[in-house]
Amino acid sequence: MSETDKKIADCYLGIDLGSSYTKFVVVGNDGTILFKEVIATLSRKRDQFEKNMDEIARRFDIQKTCSTGYGRDSYSGDMQKTELICASAGVSAIVDCHKSVIDIGGEDIKIIESDPNGSVVQFYMNDKCSAGTGAFITEIAEKAELEIGEMDEFARRSNSERMINSFCTVFAKTEILGWKFKGVPIEDIARGIYLSIVDRIAKMPIPGGLDIYLCGGVIRFHPYLRDLLAEKIAEKITIVPDPQFIVALGAAELSRKSNSH
Amino acid sequence: MALKSQVVLKDILKTYFGSLKAPIAWCTSVGPAEILRALGFEVYFPENHGALLGASRLAGKYIPKAHQAGFSGEICSYLTADIGAWIAGETPLTALYGLKSIPHPDLIVFNTNQCREVDEWFSYFGREFDCPVVGVYPPRYLEEIGQHDIDNVVVQFQKVIAVGEKVIGKKLDYERLKEVLRLSRDGSRLWKKVLDTAQKKPSPLTFFDGVILMAPIVILRGTQTCIDFYEEALEELTALVDQKFGAVPDEQVRIYWEGMPIWGRLRSMSELFINNQATIVASTYCNSWIFDDFDPEQPLASMARAYTQIFINRGEETKLAMMRQMLDEFNIDGVIFHDCKTCFNNTNSRFGLPKRIREEVGVDTLSIDGDLNDLRFFSDGQSRTRLETFIEQLKAKKQDAGRKSNV
């Protein structure tokens, strides 16, 4: 049996080249997820990307590839779509209703009104400032001497309503420093960071009356944000399965659908 | 494809800048330039210089010099770029047209119908050149324009005339003013016809052509040169319409641009829209130099009305009505609002207008952050993601509507 015969036929690849991580998803011709992988976008080991592509090529007969994310132009696949289009398509592959999608990514927050077919009805992104995004959490947590992996757990133990006022990430770090001087408990600091993010999201124009689905890398590591958002926004809010891979899934789905047209 | 008119324009601009010899008056771009021309001044427009600094991407070099001189980074970046260039003792006019410096003024006139920054900007140069400065301060943000508003501005124009007469040493010839105003009106009408060729599908020109072609209606308004140029441009564009030539190949969506151009990104933005089969067919900006109400028989009153009733000087209800008409005439699929960091007055996305356009007119809108000259306030990556998503959203809606109408 030749190498080609071992491959799974008729597959579609989505690559989400995000600001922090690059995600790969392969779907079959019925939309089933067959493969997913994540690597650091700017890893020193630049051959990681090629290794993944080699593995995908070895195992799957890829018909079409769609790249997305800020680095979408760096890969010359069959098609390129923005991460908003792909987030809408990815969530719609899981829930086929009229809905809102909130994607909290490494450098931005996107709010998307998505129709049952996965098309974007309208969208809103935070302004140029990255406050409230993954990069913001990483910076602030470092100043607070919090491990990213323990933030969620610490925050759940607090009832504090203290939050960071500053929009500016650098000034927010200064606020955290002030909290530490005052001896604010680490649990309250963790919750305060989340509250400031939720406050930022709650001020964005989220379409009313629609169920909300959360996706993106941040929600994967900080699921407590969902609980706080539900408190603030009072809509039905669900974290989609594998939230970090939703945009790559959407890209794979768009390449699959484009082939069937 | 570059329009032939754009090539002709280069010579016209060279001649214009070469002709700027004393007595010279500086004037705001939507100010009473006709009065100054009729008095016998050559007229120079600092806003044009500001745009040139932006388009040549020199603004980033000069803006910090204005900051050092005490001008905030959050005020008009035409002002900061222009004053910064002056402090540096440089101008792109040297390389382009051989001018040693910007033309020195004998008189400075401004009209705050667009913003108050021009007052501070032009007054700064009044001090630098020790030259008379006359400001026209029309009533702002009007819905209706009453006779008392017109009278108010006419009185202020009379002051411009009085100071101008003193500087140039002769009385204003009102017959000459009527003639200049007729030339302005005719040029303006032709400019409107040029812009209206974009009502055709596909459009033979885009916003990015418009911001180049508009130079004569700004700096040569009231001259025969301006009229001759737009007659030629109109002939060229009409021929392109007949050939069904589209400035954007395979035009799929038609867009309205609200707000200032991002001068330092004209080329890359133009390419982005071409690559996504989207044409910006109309804009508030290019249409701001259409002055239908110029009447040579009532020169001062009609100028007062025309210069006071511009979009930027109107109330929100009137702005909505003006945009509604444009969106209909140009068959617009979506509106892009440029939220221009340093130009509060030419930013119309901050009081709910995009939402009202969406809900009351039924046209999708998008706001992008940027600036006319200060590229520190513009993010290429963030903007590209927004713009490409918006265009895709518009395409999907059109396809969906097409499918439904075929059922």
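Given the structure is predicted, the values throughout are model-derived calculations rather than measurements.

With that out of the way, let us pick up the overall build of chain B. Tallying secondary structure elements over chain B gives 18 helices and eight strands in all. Taking 22 Å as the expected radius of gyration for a compact globule of 407 residues, we find that chain B reaches 21 Å, a close match to that expectation. Its C-alpha atoms give chain B principal-axis dimensions of roughly 75 × 50 × 40 Å. Evaluated residue by residue, chain B yields a buried proportion of 61% over its 407 residues. Total accessible area on chain B is roughly 16,200 Å²; 50% of this is exposed by carbon and sulfur atoms.

Counting residues at the interface gives 19 residues for chain A and 19 residues for chain B. Together, the buried faces of chain A and chain B total about 1,600 Å²; carbon and sulfur atoms form 52% of this surface. Put simply, chain A and chain B have three salt bridges between them. Between R72(A) and E388(B) there is a salt bridge, and its shortest N-O distance comes to 2.9 Å. Where chain A packs against chain B, one counts nine residue pairs in polar contact (both at pLDDT 80 or more). The set of elements that each furnish at least two residues to the side of chain A that touches chain B consists of α3 (83-92) and β8 (120-125) of chain A. Per element, the largest residue contribution to the side of chain A that touches chain B is five residues, and it comes from β8(A). Residues that form the side of chain A that touches chain B fall into these classes: seven nonpolar, four polar and eight charged.

The next subject is the packing of helix α4 (residues 134-143) of chain A against helix α6 (residues 169-182) of chain A. Relative orientation and spacing of two packed helices are given, respectively, by the angle between their axes and the distance between those axes. Residues and elements named next belong to chain A. Interhelical geometry of α4 versus α6 gives an angle of 30° and a closest axis separation of 9 Å. Here α4 lies roughly parallel to α6, going by the angle between them. The two elements α4 and α6 cross, and the hand of that crossing is right-handed. Here F136, E139, I140 and K143 of α4 lie close against α6, whose contacting residues are T169, A172, K173, I176, L177 and K180.

Bringing the pairing of strand β6 (residues 278-283) of chain B into the picture now. Working note: regular strand, side chains alternate between the two faces of the sheet. Residues and elements named next belong to chain B. Most of β6 sits inside the fold, with six of its six residues counted as buried. Sheet topology places strand β5 (residues 253-258) next to β6; five bridges connect them, and they run parallel. Within the sheet, the bridge partner assigned to Y256 lies in β6 and is A282.

Attention now moves to the packing of aromatic side chains. Counted according to the given criterion, the structure contains 29 aromatic pairs over all chains. An angle of 50° between the planes, with centres 5.4 Å apart, marks the rings of F24(A) and F49(A) as tilted. Placement of F24(A) in strand β2 (residues 21-27) and of F49(A) in helix α2 (residues 47-59) is noted, with a sequence separation of 25 residues between them. Comparing F24(A) with F49(A), the two get one shared label, buried. Ring geometry for F71(B) against Y124(B): centres 5.8 Å apart, planes inclined by 80°, an arrangement best described as edge-to-face. Here Y124(B) lies in helix α7 (residues 117-129) and F71(B) lies in the loop between α4 (59-68) and α5 (77-88), a separation of 53 residues in the sequence. Put simply, the rings of W26(B), Y44(B), F71(B), W86(B), Y124(B), F125(B) and F129(B) touch in pairs and so form one group of aromatic residues. Here the guanidinium or amino end of K36(A) rests over the ring plane of F245(A), the centre of that ring lying 5.9 Å away.

Further remarks concern the nonpolar core. One finds W191(B) and F273(B) to be the most contacted residues of the largest nonpolar core, which totals 160 residues. Both domain 1 (3-94 + 244-260) and domain 2 (123-239) of chain A contribute no fewer than three residues apiece to this core. Setting aside anything within four residues of it in sequence, one finds F273(B) in contact with F208(B), V248(B), I255(B), A278(B), I280(B), I336(B), L387(B) and I391(B). Of all hydrophobic cores here, the second largest spans 38 residues; its members include I104(A), I197(A), M204(A) and I233(A).

With that settled, the discussion passes to a negative patch on the surface. Together, D228(B), E231(B), E232(B) and E235(B) line one region of the surface with negative charge. Judged by its relative accessible area of 49%, E232(B) falls in the partly exposed class.

On to unusual backbone geometry, then. Residue and element names in this part refer to chain B. The omega torsion across A22 and P23 is 5°, close enough to zero to call that bond cis. Its location among the elements puts P23 in the loop between α1 (4-18) and β1 (24-27). Here the amide bond leading from K201 into P202 is cis, since omega sits at -5°, within 30 degrees of zero. Take P202: it is sitting in the loop between α9 (174-196) and α10 (207-213). The residue R57 is not glycine, and still its phi comes out positive at about 60°. With respect to the secondary-structure elements, R57 resides in the loop between α3 (46-55) and α4. Note on R57: relative accessible area 55%, which makes it exposed. Of note, Q277 is a non-glycine position whose phi angle comes to about 55°, a positive value.

Once that is clear, we can look at helix α8 (residues 147-168) of chain B. Residue and element names in this part refer to chain B. Taking 1.5 Å of rise per residue, 22 residues should cover 32 Å, and α8 covers 31 Å from first to last C-alpha, within 8% of that figure. Listed as buried for α8 are D149, I150, V153, V154, Q156, F157, V160, I161, G164 and E165. Looking at the buried positions of α8, the neighbouring elements they touch are α2 (33-39), β3 (107-111), β4 (133-136), α9 and α15 (299-308).

It is worth spelling out the domain arrangement of chain A at this point. All names here are of chain A. Annotation of chain A at the domain level lists domain 1 (3-94 + 244-260) and domain 2 (123-239). Using only C-alpha atoms to locate each centre, domain 1 and domain 2 end up separated by 29 Å. In this complex, domain 1 contributes five residues to the contact, which on the side of domain 2 involves eight residues. In total, about 560 Å² of surface goes out of reach between domain 1 and domain 2, with carbon and sulfur atoms giving 77% of it. The interface formed by domain 1 and domain 2 includes zero salt bridges. Counting across the domain 1 and domain 2 interface gives one residue pair in polar contact (both at pLDDT 80 or more).

This paragraph deals with the sheet that holds strand β7 (residues 109-114) of chain A. All names here are of chain A. What the five strands build is an open sheet, ordered β8-β7-β6-β9-β10; its pairing is mixed. Looking at the sheet topology across the chains shown, the edges are occupied by β8 and β10 (237-239). For this sheet, the mean inter-axis angle between neighbouring strands, taken without regard to orientation, is 20°. Across five bridges, β7 lies against β8 in antiparallel orientation. Residue I112 lies in a different strand from β8, and its bridge partner there is F123. Sitting on the sheet, α3 is in contact with β6 (99-104), β7, β8 and β9 (212-215), with an inclination near 55° to β7.

Rules and cut-offs
- Residues numbered from 1 in each chain as written.
- Chains lettered and ligands numbered in written order.
- Predicted model: local features only at pLDDT ≥ 70, side-chain atom pairs only at ≥ 80, totals over all residues.
- Heavy atoms only, no water.
- Helix = DSSP H or I, 4+ residues; strand = E, 2+ residues; numbered from the N terminus.
- Rg over C-alpha atoms; globule rule 2.2 N^0.38 Å.
- Buried < 20%, exposed > 50% of the residue type's maximum accessible area, 1.4 Å probe, protein only.
- Areas by Shrake-Rupley, 256 points an atom, 1.4 Å probe, with all protein chains shown as cover.
- Contact = heavy atoms within 4.5 Å.
- Buried area = accessible area lost by both parts, 1.4 Å probe.
- Salt bridge = Lys/Arg side-chain N within 4 Å of Asp/Glu carboxyl O.
- Polar contact = N/O pair within 3.5 Å; in protein donor to acceptor, adjacent residues only side chain to side chain.
- Nonpolar A, V, L, I, M, F, W, Y, C, P; charged D, E, K, R; others polar.
- Axes fitted to C-alpha atoms, helices over the stretch in contact; angles between N-to-C directions.
- Parallel < 35°, antiparallel > 145°, perpendicular 65-115°, else oblique.
- Left-handed = near helix turned anticlockwise from the far one by under 90°.
- Pairing = 2+ DSSP bridges.
- Phe/Tyr/Trp six-rings, centres within 6.5 Å; stacked < 30°, edge-to-face > 60°.
- Lys NZ or Arg CZ within 6 Å of the ring centre and 35° of its normal.
- Core = buried A, V, L, I, M, F, W, Y, C linked by side-chain atoms within 4.5 Å.
- Domains from an automatic or database assignment.
- Patch = residues over 30% accessible without salt bridge, like charges linked within 9 Å, V, L, I, M, F, W, Y side chains within 5 Å.
- Lys, Arg positive; Asp, Glu negative; His and termini not counted.
- Charge placed at Lys NZ, Arg CZ, Asp CG, Glu CD.
- Expected span 1.5 Å × (residues − 1).

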